[in-house]
Each structure stands twice: as C-alpha cells, then as structure tokens.
Amino acid sequence: MRKMLAAVSRVLSGVAQKPASRVLVASRNFANDATFEIKKCDLHRLEEGPPVTTVLTREDGLRYYRMMQTVRRMELKADQLYKQKIIRGFCHLCDGQEACCVGLEAGINPTDHLITAYRAHGFTFTRGLSVREILAELTGRRGGCAKGKGGSMHMYAKNFYGGNGIVGAQGQIFEAYNMAALWKLPCVFICENNRYGMGTSVERAAASTDYYKRGDFIPGLRVDGMDILCVREATRFAAAYCRSGKGPILMELQTYRYHGHSMSDPGVSYRTREEIQEVRSKSDPIMLLKDRMVNSNLASVEELKEIDVEVRKEIEDAAQFATADPEPPLEELGYHIYSSDPPFEVRGANQWIKFKSIS
C-alpha cells in the first residue's frame, strides 16, 4: 500500500510541475476570428478606398505575430552582431516597421514580384528566406542567401529582387510613375515613410509631406503603417486595383524606425529619446496586434509568450550558425556573375590576378 501511495504521489507531483500556462492554453476555447475597426486611409484621385473594418482569424493573427516578432528579434540580433564586429559594412535595420513588410506580404500573392531599397531584411524574411540564411548573409558566410557575397543590402529570393544599396536604384521615381501610368502597368508603388530621411525629418526636407499625392496623376493612399491590418487591407485594395487593369497606384505607409538610419547613426541627435519611447509605448505594431488578439479572445498572453520563447530560440540558433559557418573561399570571388554562362576569367583589383567566374 505504501508503495502504491508513493507511486501516486510521484505521478501527481509530476503533473503539478508542468507549467500552468501550458495547461491553461490547452484547455481554453479561443474565438476563430474577430472583426476590428481600422483607420480610414487618406485618398488621392480615388472615389473609395480600403474597408474600415476587417476580419482577423486566429490562425492569421498567430502567424502575423510570429512573423513580426521574428523580424524584430532578428534585427536586434543583427544589432548585437554588428556591435561585436561580426557584421561589417553598412547595415540598415527595420525594427519598428514590421507591420509594413508582414502586412504587405499578407496582401499579395507569393507569385507577385517585389523590389525594395536597402532596408531589406524584413522583406527578405517575409518573401520566404530563413533567418539562418539572412543572418549568415549579414556575417558574410557561405550559408547566406547570396552565399555571403551580398551582405545587408543585396539579398534575393524567389520573386524578390533586393535590397538595392543606392537610393533611387529601384527606379528614378517620377520617370517610373510616368511610364507606369502611360502603359497602365500593374505596379503598386510603396513609400515607407518612417518620418526621417537619414537624419532629416520630413517636415524639414519636404514642402509637402503628402507623399501619397506625389504620383500626381496616379491614385494614392495614405495608410497607418504601424497597424498590420491597415497595411494588409490597403495592400489588398491596391493589388486588386492594379489587377483590374486600371494601372498603377501609390501607397504611403506612415511608420517609424526605432534604430537610426544605419548602424553608424545613433538615431538620437536629430530626435529625442522621449519621441522614440512614445512611439514604442503607443504605436508599436507588435503590441497593437497582441492587444487586439488577447482582448478579442483570439489568443492568450501565455500562448504569445510561448511564441516569443520559440522565436528567441530560432534567432539564437540562426546566430550560432551565422558565426560558425565558413566564409566563402577567395577563389569564388568571381562566381555567379552571370547565369548559365560558360566559365570565364575576371580580372581582380590587381590586373595580374585572375579569378574564374562560374555560373
């Protein structure tokens, strides 16, 4: 009898040691979806815009939350690796702007094509590349998405064409507007307005800050870029507009970056720490989604915390790989210049040194 009681005691003791949050999550009934009001978009040359209410499913909400947290943690890890001098060169982080890349991806199809400027890490992830491939590219390792030879500003994936290091390299904007309008191209132009051009506020730099009107004859939308649901619905609207044969459309996403322009910019010489903290406390895109989901019974705080733990582990594992993976050998410097071409020689910085280029 004593042995039986001892055995029962051990079993009950094991049950009691399980984290309470896991038991709570397993036994709780969540809503399948919820309807939310979202901010109305400002319109230019449009009679109607995106809806002002939207439905968020529990499945989509959890996916968006995980993706935004992953982008946030990945960028914070990149900050750490840069300060340890493991990442070198230019590095532009997008923490604070997660609703833009995740919301845009939620509003288009995987077969749609996307090109962006140099603040590209988040888009690279939402287009389908792993954190491991992105961090390894940042550290210049062979396992990177461009085999360690592109770095922060030159990342590519299927239907994703960078990452462009030169401002404006993604199209001389007004000429591009004009050609797109003349040919009625199905192109959605995006302005991620994070309120600062390098270290200059938009109010100091532009006589008119209505960037969504800059296309003039092209219709435009001004969208709350800190709300993933606003971005998703505006993107769906813009994509449907283009697919219907009406030509191009312009979206201005009003967002905010927490870091400076790049890692060489502390980000507090032209704005106050109080300004940054106010945005974090009132408009953080991850916090806004979390509050909506918890308050609408789409998820629990405990469940979202578990996602946070899983994301942190994924980032740590990716960082370990990105620091342990070997660098590409010097003889591969000239590789992959062209696709499907026979091998040829490339002259190095010293004219007597030749590198072989292999597709």
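Values in this document were obtained by computation on a predicted structure and should not be read as measured data.

Chemist: Sorry if this is basic, but what is going on with the pairing of strand 10 (residues 354–357) here?
Modeler: Along a regular strand, successive side chains alternate from one face of the sheet to the other. With burial as the criterion, only one face of strand 10 is covered, namely that bearing Phe 355 and Ser 357; the residues Lys 354 and Lys 356 on the opposite face remain uncovered. As defined by bridge partners, strand 9 (residues 344–347) adjoins strand 10 across 4 bridges and the pair is classed as antiparallel. Within strand 10, the residue paired with Glu 345 across the bridge is Lys 356. Where strand 9 folds back on strand 10, the antiparallel hairpin that results is connected by 6 residues.

Chemist: For this particular structure, what's the right way to read the packing of helix 4 (residues 98–107) against helix 9 (residues 228–243)?
Modeler: When two helices pack together, their arrangement is captured by the angle between the axes and the distance separating the axes. Viewed as axis vectors pointing N to C, helix 4 and helix 9 meet at an angle of 40°, and their least axial separation amounts to 7 Å. As far as their axial angle goes, helix 9 and helix 4 are oblique. Relative to helix 9, helix 4 is oriented so that their crossing is right-handed. Side by side, helix 4 and helix 9 meet where Ala 99, Cys 100, Val 102, Gly 103, Leu 104, Ala 106 and Gly 107 of the first sit next to Ile 228, Val 231, Arg 232, Thr 235, Arg 236 and Ala 239 of the second. Grouping the constituent residues of the contact of helix 4 with helix 9 by class yields 8 nonpolar, 3 polar and 2 charged.

Chemist: Help me understand the side chain of Arg 141 in this model?
Modeler: You can see Arg 141 is positioned in the loop between helix 6 (131–138) and helix 7 (173–182). Although buried, Arg 141 forms no salt bridge, and the nearest oppositely charged side chain, Glu 327, lies 4.5 Å from it. With sequence-adjacent residues up to four places away left out, Arg 141 is seen in contact with Ile 86, Ala 136, Lys 147, Gly 148, Ala 322, Thr 323, Ala 324, Asp 325, Pro 326, Glu 327 and Pro 328.

Chemist: Got a minute to help me understand the environment of Glu 310 in this structure?
Modeler: Mapped onto the elements, Glu 310 comes out in helix 12 (residues 301–324). Along the chain, Glu 310 and Arg 66 lie 244 residues apart, while their C-alpha atoms are 9.2 Å from each other.

Chemist: What's the story with the pattern of salt bridges in this structure? I'm lost.
Modeler: Side chains that carry opposite charge are capable of pairing whenever their charged atoms lie near each other. On inspection of all chains with the given rule, the structure shows 19 salt bridges. For Arg 66, the salt bridge goes to Glu 310, with nearest N and O atoms at 2.7 Å. Of this pair, Arg 66 sits in helix 3 (residues 58–83) while Glu 310 is found in helix 12, placing the two residues 244 residues apart along the sequence. For Glu 310, a relative accessible area of 42% puts it in the partly exposed group. Residues Glu 233 and Arg 232 are paired through a salt bridge, measuring 3.1 Å at the closest nitrogen-oxygen approach. Shared partners join several salt bridges into a network, and the residues in it are Asp 42, Asp 210, Lys 213 and Arg 222.

Criteria and thresholds
Residues numbered from 1 in each chain as written. Predicted model: local features only at pLDDT ≥ 70, side-chain atom pairs only at ≥ 80, totals over all residues. Heavy atoms only, no water. Buried < 20%, exposed > 50% of the residue type's maximum accessible area, 1.4 Å probe, protein only. Helix = DSSP H or I, 4+ residues; strand = E, 2+ residues; numbered from the N terminus. Pairing = 2+ DSSP bridges. Axes fitted to C-alpha atoms, helices over the stretch in contact; angles between N-to-C directions. Parallel < 35°, antiparallel > 145°, perpendicular 65-115°, else oblique. Left-handed = near helix turned anticlockwise from the far one by under 90°. Contact = heavy atoms within 4.5 Å. Nonpolar A, V, L, I, M, F, W, Y, C, P; charged D, E, K, R; others polar. Lys, Arg positive; Asp, Glu negative; His and termini not counted. Salt bridge = Lys/Arg side-chain N within 4 Å of Asp/Glu carboxyl O.

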